[in-house]
Amino acid sequence: MRFPVANRYVPLLATAFVLAALYGAGCISFNNFSSLRVAVNLVGDNGFLGVAAIGATFVIISGGIDLSVGSVVAFTSILIASLVEDHGVKPLAAIAVALMIGALFGGAMGGLIQWFDLPPFLVTLAGMFLARGVGFMIYPQSHGIQNDFFIQTVTDRLAVRLNDRVSFPFTGTCFVAVLVLGTFVAHYTRFGRYVYALGGDEQSARLMGLPVARTKVFIYALSGFCSALAGVVYTFYTQSGDPASCVGLELDAIAAVVIGGTLLSGGVGFLAGTVMGVLILGLIQTLITFKGDLNSWWTRIVAGMLVFLFILLQNLVSSASKRLGAKS
Amino acid sequence: MSGTMETEAKSLLEIRGLVKSFPGVKALQGVDFTVRQGEIHALMGENGAGKSTLIKVLTGVYSRDAGTMCLDGIEIDPHSPKAAESLGISTVYQEVNLIPHLSIAENICLGRQPTFFGMIRWREMARRAERALARVDLKLDVSQSVASCSIAIQQLVAIARALDVSEKLLVLDEPTSSLDEKEVGELFAILRKLRDQGTGIVIVTHFLEQVYAISDRITVLRDGKLVGEFETANLPRLKLVSHMVGREITQTEAGGHGPLDRDAGAKAEPLVEIRNYGRSGSVAGMDLSIGRGELVGLAGLLGSGRTETARLIFGIDKPQTGEMRVDGQKTAFRSPRQAIRKGFAFTPENRKVEGILPRLSVRENIVLALQARQGLRRMISRKRQLELADEFIKRLGVSTPGAEQAVGNLSGGNQQKVLLARWLATQPRLLILDEPTRGIDVGAKAEIEKTMQQLRAQGMAILFISSELEEVVRACERVVVLRDRAKVGELAGEGISEESIMHMIAEHGHDH
Amino acid sequence: MTTERFENKRVRWWSSLVWPVSGLALLLLFDLCFTDGFFKLEVRDGHLYGVLIDILNHGSKVMLLALGMALVIATGGVDLSVGAVMAIAGAVAARLINAANPSFTVAIFGALAVSILAGSWNGLLVGAFQIQPIVATLILMVAGRGIAMLITDGQIITFTDPRLTYLGNGHLLGMPFPVWLSAAMLLFTAVLTRRTALGLFIESVGDNQAASSYAGVNAATVKFFVYVFSGFCAGLAGLVAASNIKCADSNHAGLFLELDAILAVVVGGTLLTGGRFYLVGAIVGALFIQALTTTMYMRNVSADVAPVPKALAILIVCLLQSPAARKRLSGLVKRRNT
């Protein structure tokens, strides 16, 4: 592998290494860690974070940021719960409505960012406050869901039986499906390539005649859609809606994206990396649970340290490739 | 060489009477421009000539106010780069606008990737990219990222992209600024090949030698107007320089003015001395010395390396060769702060980007450098700041409603004066002025010239960079002449005249 | 000549406060008309009580944060970690005050020292390593709360030391102590930035970093300093917050206050892109946010819904500050008039 090519993939390899190392450490230290159940839970428990993080990856690759993720997840969950339980809306219809609202909400933010040249940080911050508040307006507290679709269909019938004790939850299936679709969009559609171009050099993309304005709005719409979808997965996972939930989820998503090798400045990013980042965060949590005597806040510290290390790594790699590119 | 000269090769692009104005500036005033099929046409002009405006109108970035543009006989009016591209006009800019982390293949095909029901066909795209590269005689692994290639290769990739869109008209804006001699040669070979295949090529460049090496015709603009279109083979260098500068010159040897008030004597030991100081991509190693009380001029056409020289001396750029001595001591500046501590000062040419702090007041802009040198704690009292501001506002004639006016609201000329005031307040030993009189009214220009002479008489060393030759000739007792990013000579005392400078620029050879 | 210049200066000094003060005034006017008891003031035990006093009191945390944040934003950066640093400061103080030989001075100094350390970490990343401020401060924002939890061992640590509890609950000359603290910090920051060259350097770095570097300003040092200062302010705010509830709650201390601080600074007139900063404006901005929250509380709007008007406020301020938005909107108006 020629060095300049490997340069781009170095952070991704590092992520894979960290993931493998953490998993290996867990298997060595604890019995049952290498069991199927643990692996399945890892994917299933973090399904909604994974879906949200995939949407966040697109935004960050394009050079933007979306702080509204957690609030939209919470908003969507309570919206669905309220629609299904209190207004008798059919589950699939409620889900469809929620996804549409998520996409429109994201698109509106994207529109403000593009056409009024407002900083994404502030616009999505406003979005975060808005979504959070409106969620509470729909219903002021956690709302359980009794509807059959969520309790039976999703949990039982849509779960994939792996063996007589373990089944792969639907939340995990959703996660995998979004990953596959997301990868397809990122690598096989023109839109996906425009996302990378925008993040790489917006000025050049404009001069190349790429549809910058349209792409930007659509990216935020996509992120809003993914956040709403994550909210749907959340309702599958918890069988309830909660306007107070997922506070700070956007930070977890961003951490997963950075650990996954995506540059926060944009232009370079891997969905596979984000997925690994999500699994790493989940693994840390699992390891701590297994250890028993370590407290859960270590997750935050370790996550912060990982983010720092990966940012440092990104900086080193980009300055190294800059030096390489400068020579003939 | 341009092979057999057909009497009238088919004209590809015809621009007639192009007019474009911006608030306060008449960028183009009725310019004609013709490019023929199978021709390399150089577009040249000094600052404010209108070159970049013409290119931007041609490539759809600006819309024209008046005039006609015809491509292949059909009138066109591109209103965006994409529209221009689809008409057949492709552009490669100096900064090589490619997406660094994407592959060569992607960069070539971005926006036009081959698809199958919306799905990108990567292998087909790679093949297409390879075909595009073959047109510029390149055979590379198209999956590698553009950022991992040298600038020269990136440029060829950009050209390949442009050709992939259309082979009709190719516009190259300063394509050789970052290339070394060998790469320039390779690029020119490609351009000649394309020309022979019928592509019309417009090349905007400052390098005189390159223009003579590659172009078939030259169009010269000055102050928004067309000076003329010439066949390269029939245009002597001296004539070209004279057209660009706007001064008639006879072929007779340079005659000088007598020195006006120059004490040609007292050769004090130099304050600053650089030997073989240079940096690749900036200027070739050069020798220069400036003594106390000397007013040295740096003359040359746009792009000849004058600003680059100033940046090297002031410590903004670091040299790769040579050494500098200040007060006889070997010195190396790692940053402008160190230069400032040695008593250096620099008013940059690009005052908007590198000079003024637009939202801060006149007073704050003036005291900044002095305050920075004094440090955090020794604050210049408000009273003293106002005194300084008032003093310089009066002394340089800055037209402002008050010392608290935001500098961004002042006219360009007044901004320049504020910038000058900033450095004068530090009472420097060496003052480097890069185009200090650009965009300033005549009266103020005289003021600045007078101030320079006063400062010189008081013992300040001054390096004066200006593209207005008559200013340089009038003010300086020694002139260093640059051409194509290298020093070509030095004139002193009686030998200084506009003609002698122009001769020196026009002649071949690089004597230091 | 002198009077002319002086008048110029005066007009300018006031004009920057027009928007935030009008916003606050409008809000207060609304409350005057529609919210009962908003302006009621009474004196009990020599202390002033009332809704207005509450606004000043509860808004103190954001006011303190906003002072530090204003300087950071002025250099073109942002500090997302201040909420987490608040939690850390509270945790350190609570721990130290409950130690074997409790000393108020040690607790205070310990908390502030740690906050300054946190600020230095941010300053190093941004100034020396030139990492994007959002990214750099994100690290501490994520890890910081974990560190605070580590210090308190996951517990909520209560304390009863009278001097420590005075910080958040005491009264001085009738007014709650935090208000005096904010006032003192405002004064201190004003003196620090306007009576030394620091204010000029900060504004120049934010306005045009390249030009200030060429003029000899050491941008890296300036940036380092503002993050240290922001950390210090967060430390003070954290002490007040912990003192308010007489315990260190690492989970909730300062949660989302960084966003309020950024909003306060932006409402106060400082551009997010940097340059001129307005300390008094930031204070007014903080009061505006607090008044908004209080208004909603008094009108029985659930605290959870309070973020909605904040969101609208952010959007309005952004639109007003953005030249592109102003152009488009005025274009719309013109078209309607022709």
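Sorry if this is basic, but what is going on with the overall build of chain C here?
Across its full length, chain C carries 16 helices and six strands. The C-alpha atoms of chain C give a radius of gyration of 21 Å, which matches the 20 Å a tight globule of 338 residues would have. For the C-alpha atoms alone, the extent of chain C along its principal axes is close to 75 × 55 × 40 Å. In chain C, the proportion of contacts linking residues at least 24 apart, taken out of those at least 6 apart, comes to 78%.

Help me understand the overall build of chain B, please; the structure alone is not making it clear to me.
Regarding its fold elements, chain B presents 17 helices and 22 strands. Taken against the 2.2 N^0.38 rule, which gives 24 Å for 512 residues, the C-alpha radius of gyration of chain B at 25 Å falls within 12% of a compact globule. Judged by the C-alpha coordinates and their principal axes, chain B covers about 70 × 55 × 45 Å. For chain B, restricting intrachain contacts to residue pairs at least 6 apart in sequence, the fraction spanning at least 24 positions comes to 69%.

Sorry, what's going on with the interface of chain A and chain C here?
Contact residues are listed per partner, giving 37 residues for chain A and 34 residues for chain C. Mapped onto the side of chain A that touches chain C, the elements with two or more residues apiece are helix 6 (120-138), helix 12 (249-259) and helix 14 (298-326) of chain A. In terms of residue count, helix 6 of chain A provides more of the side of chain A that touches chain C than any other element does, 12 residues in total. A breakdown of the residues in the side of chain A that touches chain C according to their chemical character gives 28 nonpolar, six polar and three charged.

Help me understand the nonpolar core in this model?
One broad trend across soluble globular proteins is that nonpolar side chains are buried collectively. One finds Ala52 and Val307 of chain A, Phe464 of chain B together with Ala66, Ile88 and Ala93 of chain C to be the most contacted residues of the largest nonpolar core, which totals 373 residues. Among the domains, domain 1 (269-343 + 429-512) and domain 2 (359-427) of chain B are the pair contributing at least three residues each to this core.

How do you make sense of the packing of helix 6 of chain A against helix 15 (residues 307-321) of chain C when you look at a structure like this?
Any two packed helices are characterised by the angle at which their axes cross and by the distance between the axes. At a minimum axis separation of 7 Å, helix 6 of chain A and helix 15 of chain C run at an interaxial angle of 155°. Between helix 6 of chain A and helix 15 of chain C, the crossing angle belongs to the class labelled roughly antiparallel. The crossing of helix 6 of chain A and helix 15 of chain C is left-handed. Taking contact as the criterion, the partners of Leu122, Val123, Leu125, Ala126, Phe129, Leu130, Arg132, Gly133 and Val134 of chain A in helix 6 of chain A are, on helix 15 of chain C, Pro307, Val308, Lys310, Ala311, Ile314, Leu315 and Cys318 of chain C. Along the lines of polarity and charge, the residues of the contact of helix 6 of chain A with helix 15 of chain C split into 13 nonpolar, one polar and two charged.

Explanation requested: the sheet that holds strand 1 (residues 11-22) of chain B in the structure shown.
Pairing between the strands of a sheet comes from backbone hydrogen bonds, and it takes one of two forms, parallel or antiparallel. Residues and elements named next belong to chain B. Across the sheet, which stays open at both edges, the four strands sit in the order 2-1-4-5 with antiparallel pairing between neighbours. Sheet topology places strand 2 (25-36) and strand 5 (74-75) at the edges, where each strand pairs with a single neighbour. Here nine bridges tie strand 1 to strand 2, and the two strands are oriented antiparallel to one another. By the bridge assignment for strand 2, Ile15 is matched with Phe33. Helix-sheet contacts for helix 1 (residues 51-58) involve strand 1 and strand 2, and the interaxial angle to strand 2 is about 65°.

Mind showing me how you'd approach the domain arrangement of chain B here?
For an interface, size is often stated in terms of accessible area lost upon the parts coming together. All names here are of chain B. Examined at the domain level, chain B breaks down into domain 1 (269-343 + 429-512) and domain 2 (359-427). Tallying the contact residues gives 10 residues for domain 1 and 10 residues for domain 2. Residue assignment for the side of domain 1 that touches domain 2 shows that the elements contributing at least two residues are helix 10 (336-341) and helix 15 (442-457). Tallying contributions element by element places helix 15 first for the side of domain 1 that touches domain 2, with three residues. Residue classes in the side of domain 1 that touches domain 2 are distributed as six nonpolar, one polar and three charged.

In this structure, what is going on with the interface of chain C and chain B? I would like to understand it.
Counting residues at the interface gives 25 residues for chain C, matched by 27 residues for chain B. Secondary-structure elements contributing two or more residues to the side of chain C that touches chain B are helix 1 (2-15), helix 10 (198-207) and helix 11 (209-214) of chain C. Looking at side-chain class alone, the side of chain C that touches chain B contains eight nonpolar, nine polar and eight charged residues.

How do you make sense of the environment of Ser411 of chain B when you look at a structure like this?
Inspection of the secondary structure assignment puts Ser411 of chain B in the loop between helix 13 (382-396) and helix 14 (412-424). Once the C-alpha coordinates of Ser411 of chain B and Glu248 of chain B are considered, the two residues, 163 residues apart in sequence, prove to be 32 Å apart.

Can you help me understand the sheet that holds strand 14 (residues 283-291) of chain B in this one?
Residue and element names in this part refer to chain B. Read from one edge to the other, the open sheet built from four strands follows the order 14-13-16-17, with strand pairing classed as antiparallel. Each edge of the open sheet carries a strand with a single partner, namely strand 14 and strand 17 (329-331). Strand-to-strand twist across the sheet, computed as the mean angle between neighbouring axes with direction ignored, equals 20°. With six bridges connecting them, strand 13 (residues 270-279) and strand 14 associate as antiparallel partners. The residue bridging Tyr277 from the neighbouring strand is Met286, located in strand 14.

Just checking my understanding: could you explain unusual backbone geometry for this structure?
Where the residue is not glycine, phi is negative for most of them; where a peptide bond is considered, it is trans in most cases. A positive phi angle, near 55°, is found at Cys246 of chain A, a position not held by glycine. With respect to the helices, strands and loops of the structure, Cys246 of chain A is situated in the loop between strand 4 (240-241) and helix 12. Positive phi outside glycine occurs at Val96 of chain B, with the angle close to 50°.

Please explain the environment of Glu435 of chain B as it appears in this structure.
All names here are of chain B. Note that Glu435 resides in the loop between strand 19 (430-434) and helix 15. Separated by 19 residues in sequence, Glu435 and Gln416 have C-alpha atoms that sit 9.5 Å apart. Once you skip the residues sitting within four places of it in the chain, Glu435 turns out to touch Glu349, Ile465, Ser466 and Ser467.

Whenever I open this one, the pairing of strand 22 (residues 486-492) of chain B confuses me. Can you help?
The two faces of a sheet get side chains in turn, since along a regular strand they alternate between them. Residue and element names in this part refer to chain B. As judged from the six bridges shared by strand 21 (residues 478-483) and strand 22, these two strands associate in the antiparallel manner. Bridge assignment links Arg478 to a residue of strand 22, and that residue is Ala492. In this antiparallel pair of consecutive strands, strand 21 and strand 22, the connection spans two residues, and Asp484 shows a positive phi of 55°.

I would appreciate a short explanation of the confidence of the model for chain B in the present structure.
A low pLDDT score tells you not to read the predicted coordinates there in detail. Residue and element names in this part refer to chain B. Mean pLDDT for chain B: 86, with 93% of residues reaching 70 or above. No element of chain B has a lower mean pLDDT than helix 15, at 84, and none a higher one than strand 19, at 95. Note on residues 1-7: pLDDT under 50 across the span, and one contact to partners over four residues away in sequence or across chains.

Criteria and thresholds
- Residues numbered from 1 in each chain as written.
- Chains lettered and ligands numbered in written order.
- Predicted model: local features only at pLDDT ≥ 70, side-chain atom pairs only at ≥ 80, totals over all residues.
- Helix = DSSP H or I, 4+ residues; strand = E, 2+ residues; numbered from the N terminus.
- Rg over C-alpha atoms; globule rule 2.2 N^0.38 Å.
- Contact = placed C-beta atoms within 7 Å.
- Nonpolar A, V, L, I, M, F, W, Y, C, P; charged D, E, K, R; others polar.
- Core = buried A, V, L, I, M, F, W, Y, C linked by C-beta atoms within 7 Å.
- Buried ≥ 20, exposed ≤ 12 C-beta atoms within 10 Å, placed from the backbone.
- Domains from an automatic or database assignment.
- Axes fitted to C-alpha atoms, helices over the stretch in contact; angles between N-to-C directions.
- Parallel < 35°, antiparallel > 145°, perpendicular 65-115°, else oblique.
- Left-handed = near helix turned anticlockwise from the far one by under 90°.
- Pairing = 2+ DSSP bridges.
- pLDDT = per-residue confidence, 0-100.

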